[in-house]
Every structure is written in C-alpha cells, then in structure tokens.
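Observations on the three-dimensional arrangement
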Amino acid sequence: MASGFRLPVRVAAKSGSLVGVVRNEIGLISNPDGRRYAAAVFTRSLPGSDDVAISGAIGTATALAVTALREEGS
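First, a word on what this report is: a plain description of the structure on this page. Here the structure is a predicted model, which is why all the values come from computation and not from measurement.

1. Description of the overall build of the protein
Along the protein, the regular secondary structure elements total one helix and three strands. Taken from the N to the C terminus, the helices and strands of the protein come in the order β-β-β-α. Principal-axis analysis of the C-alpha atoms gives the protein an extent of 40 × 20 × 15 Å. Here the protein holds 74 residues, and the buried ones make up 26% of them.

If you want it as structure tokens, here you go:
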C-alpha cells in the first residue's frame, strides 16, 4: 500500500496472505493536511504469481482511490 504514496504522506498498513493465492492489505493513509483515509484491498491470484507486481498493484489501487476521494472532497 505504501508504494502508492510519497512523503509527507504516511501509511500504516498490515498485509496478510493465504497459500499464495489470496493477498490482502488494510491500512490508514494520513495526509499532512490532517485528512485520513482507511483503505482495504483484497486480491486473488494464481499460485506462483509475482508478489512484487501484486504489491505494486495494491499501492496503485489505493493511491487512485484516495486521490479520487480527495478530489471529491475538495
């Protein structure tokens, strides 16, 4: 999740997986303006899939969602 953001945005996240097929991550994204967003991303893949690519996709999906929420709330 953190891969989708740069400082000064802070990310506190926890990930979990099940037998290399399920990869989930939940976290709190804290922006310097005080706005915070809770996020959860759930994935499912084939055994042996590229974990780095999955992590990148989780970061990208979270960043896109938070950006959309920030723009809507402006």
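2. Points about the environment of Arg 44
Along the chain, Arg 44 falls in strand 3 (residues 36-44). Along the sequence, Arg 44 and Ala 68 sit 24 residues apart, while their C-alpha atoms lie 24 Å from each other.

Procedures and definitions
- Residues numbered from 1 in each chain as written.
- Predicted model: local features only at pLDDT ≥ 70, side-chain atom pairs only at ≥ 80, totals over all residues.
- Heavy atoms only, no water.
- Helix = DSSP H or I, 4+ residues; strand = E, 2+ residues; numbered from the N terminus.
- Buried < 20%, exposed > 50% of the residue type's maximum accessible area, 1.4 Å probe, protein only.

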